[in-house]
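Overview (structure and organization)
Below, each chain spelled out in residue letters.
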Amino acid sequence: MSEVIFRLLLHLYPSRFRQEYGDEALQLFRDRTHDEAGVWPSVRLWFDLLTDLVISLPREYCYTRPEVARASAKTCLDGTPTFFVFDTASPGWRPLLLGGLLSLITLVSFPRLMNEVGNFRRPSGWSFALPGAYDRQSGEPQRPASGSEQSVQSPRGANPTLDATSRHRIIASAIASIKQHHIDPVEAQKAADALLAHERQGDDDSATSTEEFTRLATKQMREATGDHQLELLYSPRAIPERSPGPPPAPSAAYRDEALRVNCAFEQVKILPHNIGYLKLNAFPDTSVCQATATAAMAKLNDADALIFDLRDNRGGFPSMVSLIAAYLFDHPEYMYCPLENTTAESWTHSPVPGNKLANKPVYVLTSPRTISAAEEFTYDLKMLKRATLVGETTAGANHAANLHAIGDNFYAATVEVRAINPYSKSNWNDTGVEPDFKVRSPDALTAALRLVDKRLHAE
C-alpha cells in the first residue's frame, strides 16, 4: 500500500521527470522502507516524503534551475536520503489537486497506522510451506491461527448461532474424530469424557455462537488432557486435511517462486570483524533449494561467528532445518520436530565435509513473526545450548496437529504423530520460544553484534 501511494505522489511531477528519474526514486523509496523498518523509522520516512513534497512543489513555481538535480533524492548532511527534486515545468492544477487529496488521505490514515504498531515491518512476501510442511500460506488454504481465542474465522459480520441440538451433534462428531485419529487413545478418551461431562452439566448452554463454543470446547479438552494440540475449530471455508506420509513433490509454481527469490536466502554476507550474517525468511523445500543452502553456508564457512536472522521467517520444511543445523555440529545431533515421528532422519547429517562452523558462536534473531519451522530451529538450538537467542518471543505455533472435518464447517485438530522430545515436557506451541536476551526485534541485530564483539574479544 505504501508503494502505491508513493507511485501516485510521483504523478505530481511532470512526465519528463517521471520518465527520467521515476524508477530511481521508486527504488530509493523501496530501499528506505526495507532498511527503516519499525514504527518510528516509518513515521520519519513519510515525514521526510511529505515535507519534501511541500517544499519542492512551490519551488516549481518560484524558481527556474539551469540544471536538474540528480535523480530521485539528495543526501542530507547526516546521510539520510530525502525526496527533494527540482524541475522547471509547472505540475499544473490536476497534480496539485491529486497531491492535496493524497496528503489528506495520509493524514486521516495516520492514527490508524500508529495503532498497527506490529504491522509496520514489510512482510517477507513469500512462504514456502506446502501441505506436510509447517506453515500453509501464500496460496494454500490456511488453518486458523493456533490458540483457541483465534479459532473461529467467520466472515465479517457473520457469527452463526448454535442451539442445544447443534452443539450435541458437533460434540458427538468431534468425539468420534478424536477417537479415530488421535495418537494417544487414553488422551482421546479423556477429551471425550470431558466434553460429555460438561455438556451434561449444562456448561455449554451459554455458548450460542461458534466462537464461544469452540473456545469453550477447546478449553475443556485441554484441561482434561494437558494436550494443547487438541482443538475444536470453525471455518466458513474448507480446510484441506494434511495427507499422511511425506509431503507431495513441490509444484512448478512453488519451484519458480522459490528460485525467483533465491529460496528466501535474502542476505548472505560477512559483516565487519568477520561475522557471518544469514537473513533467512523461510525454510524452503530441500528438493528445490539444497544447492542454494549449501552455497550460502559455504560463503559463511570462514566466519568467526554466525548470526541467523529469522525475524521474518514464516516456517517451511523440517528437512531444511536439519540441513542447515548440520553445519553447526561436529557429530550427528537430534533435532526435535513435533510434525514427524522420531526416525533415523531426525538426526543431523553431521559432520559436513569441509565445514568449519561446528564450533563457532551462533546467535539467532527472533521476533513474534518467527513461526513454525523457524521455531523448531530456534527451540532445538536453545535446548542444545548451541545458540544464543536475541530478540522477542516467537509466535508459538508448531502446526503439528492435523484437521479433520466433522460437519457444519467444524474441524477437530488432533495429533497423529508423537515425536520424542528429550528436552522438556512441552514445546513452543502457544508459548513461543523465549530469547536469552530480550530486546525489541528491530534492535536485535545491533544487540547481537555487541554480544558477538564482546565474546570474540574475550576469547
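Here we summarise the structure given alongside this text. Given the structure is predicted, the values throughout are model-derived calculations rather than measurements. (Residues numbered from 1 in each chain as written. Predicted model: local features only at pLDDT ≥ 70, side-chain atom pairs only at ≥ 80, totals over all residues. Heavy atoms only, no water.)

**Here we look at the overall build of the chain**
When its secondary structure is counted, the chain shows 12 helices and 11 strands. Within the chain, the fraction of its 459 residues that count as buried is 50%. Nonlocal contacts in the chain, meaning residues at least 24 apart in sequence, comprise 78% of its contacts between residues at least 6 apart. A total accessible area of about 22,300 Å² is found for the chain, and carbon and sulfur atoms account for 56% of it. (Helix = DSSP H or I, 4+ residues; strand = E, 2+ residues; numbered from the N terminus. Buried < 20%, exposed > 50% of the residue type's maximum accessible area, 1.4 Å probe, protein only. Contact = heavy atoms within 4.5 Å. Areas by Shrake-Rupley, 256 points an atom, 1.4 Å probe, with all protein chains shown as cover.)

**Observations concerning the sheet that holds strand S9 (residues 402-407)**
The sheet built from three strands is open, its strands ordered S3-S10-S9 with antiparallel pairing. Each end of this open sheet is capped by a strand with a single partner; those strands are strand S3 (231-234) and S9. Direction aside, the axes of adjacent strands within the sheet are offset by 30° on average. Bridge count between S9 and strand S10 (residues 410-414): five bridges; the pairing is antiparallel. Residue pairing in the sheet places Asn402 in a bridge with Thr414 of S10. Lying on the sheet, helix H5 (residues 164-181) is in contact with S3, S9 and S10; it crosses S9 at an angle near 145°. Across the sheet, helix H7 (residues 210-225) touches S3 and S10, and the angle it forms with S3 is around 170°. (Pairing = 2+ DSSP bridges. Axes fitted to C-alpha atoms, helices over the stretch in contact; angles between N-to-C directions.)

**Some remarks on the packing of helix H9 (residues 286-299) against helix H10 (residues 318-325)**
Running from amino to carboxyl end, H9 crosses H10 at an angle of 20°, the nearest separation of the two axes being 10 Å. Between H9 and H10, the angle falls in the class roughly parallel. Crossing geometry of H9 relative to H10 is assigned as right-handed. In this structure, H9 uses Thr286, Cys289, Gln290, Ala293 and Met297 to contact H10, whose residues at the interface are Ser319, Met320, Leu323 and Ile324. Here the contact of H9 with H10 is composed, by residue class, of six nonpolar, three polar and no charged. (Parallel < 35°, antiparallel > 145°, perpendicular 65-115°, else oblique. Left-handed = near helix turned anticlockwise from the far one by under 90°. Nonpolar A, V, L, I, M, F, W, Y, C, P; charged D, E, K, R; others polar.)

**Brief notes about the packing of helix H8 (residues 252-260) against H9**
One can describe the packing of H8 onto H9 by two numbers: an axis separation of 10 Å at closest approach and a directional angle of 15°. As far as their axial angle goes, H9 and H8 are roughly parallel. In this structure, H8 meets H9 at a crossing whose hand is right-handed. Residue-level inspection shows Tyr254, Arg255, Ala258 and Leu259 of H8 in contact with H9, the latter providing Ser287, Val288 and Cys289. For the contact of H8 with H9, the class distribution of residues is five nonpolar, one polar and one charged.

**What about the state of the cysteines?**
Going through the model one piece at a time under the given rule, you end up with one disulfide. Disulfide pairing is shown between Cys263 and Cys289; the S-S distance is 2.1 Å. One quick way to see it: the torsion about the S-S bond of Cys263 and Cys289 is about -80°, and its sign makes the bridge left-handed. Of the two residues, Cys263 sits in the loop between H8 and strand S4 (265-271) while Cys289 sits in helix H9, which places them 26 residues apart along the sequence. Looking at Cys263, the relative accessible area reads 0%, which means it is buried. With relative accessibility at 0%, the residue Cys289 sits in the buried group. (Disulfide = S-S within 2.5 Å.)

**Some remarks on the sheet that holds strand S7 (residues 362-366)**
Here we have six strands laid out as an open sheet, ordered S4-S5-S6-S7-S8-S11, and mixed in their pairing. Of all the strands in the sheet, the pair left with one neighbour each is S4 and strand S11 (437-438). Sheet topology places strand S6 (residues 305-309) next to S7; four bridges connect them, and they run parallel. Across the sheet, the residue bridging to Leu306 is Val362, located in S7.

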